[in-house]
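Observations on the three-dimensional arrangement
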Amino acid sequence: RATHAPMASTMKVTLALALVAMLALAAAQENPCNKIQDMKDCNADKACTWCRCEAIPSGCFSLAQAKKLPPGVYLCNRTSTDDVPLVGEAH
């Protein structure tokens, strides 16, 4: 008897990643941080942080956006203006 559990799990992950991508795209239209394409320039702006992602393209987000991103999907250099950006996080 075959099971569909692996396929269902893969579909859930794919849908979750698609939702994250859509939310990021919608946020990009509203936030100047999202227009920055370079990690160094992003981290130079105190209102922005570079968030790395393996599944979809990494990008520059506002600190408020970074706090709302799923931690299992994104790794952000900082989440507050008090944080020092991580160095060498190119991706």
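Here the focus is the state of the cysteines. Following the criterion strictly, the structure yields three disulfides and no others. Disulfide pairing is shown between C33 and C48; the S-S distance is 2.0 Å. In this structure the cystine formed by C33 and C48 twists about its S-S bond by roughly -80 degrees; its chirality is therefore left-handed. Taken together, the residues C33 in the loop between α1 (5-28) and α2 (39-44) and C48 in strand β1 (residues 48-53) connect sequence positions 15 residues apart. The disulfide bridge from C51 ends at C76, spanning 2.0 Å between sulfur atoms. In this structure, the disulfide formed by C51 and C76 twists by about 110 degrees around the S-S bond and is classed as right-handed. Taken together, the residues C51 in strand β1 and C76 in strand β3 (residues 74-76) connect sequence positions 25 residues apart.

A separate point is the environment of T14. Relative to the helices and strands, T14 is located in helix α1. Taking the C-alpha atoms as reference, T14 lies 9.6 Å from A55; in sequence the two are 41 residues apart.

This brings us to the sheet that holds strand β2 (residues 59-62). Within the open sheet, the three strands sit side by side as β2-β1-β3. Their pairing is antiparallel. One side of each edge strand has no neighbouring strand; the edge strands of this open sheet are β2 and β3. Each strand of the sheet is rotated relative to its neighbour by a mean of 40 degrees, with strand direction disregarded. When β1 meets β3, the two strands line up antiparallel, connected through three bridges.

Quick look at the environment of S58 now. With respect to the helices, strands and loops of the structure, S58 is situated in the loop between β1 and β2. Considering only alpha carbons, one finds S58 and Y74, 16 residues apart in sequence, at a separation of 8.1 Å. Within polar-contact distance, the side chain of S58 engages the backbone nitrogen of C53 at 3.0 Å.

Thresholds applied
Residues numbered from 1 in each chain as written. Predicted model: local features only at pLDDT ≥ 70, side-chain atom pairs only at ≥ 80, totals over all residues. Heavy atoms only, no water. Disulfide = S-S within 2.5 Å. Helix = DSSP H or I, 4+ residues; strand = E, 2+ residues; numbered from the N terminus. Pairing = 2+ DSSP bridges. Axes fitted to C-alpha atoms, helices over the stretch in contact; angles between N-to-C directions. Polar contact = N/O pair within 3.5 Å; in protein donor to acceptor, adjacent residues only side chain to side chain.

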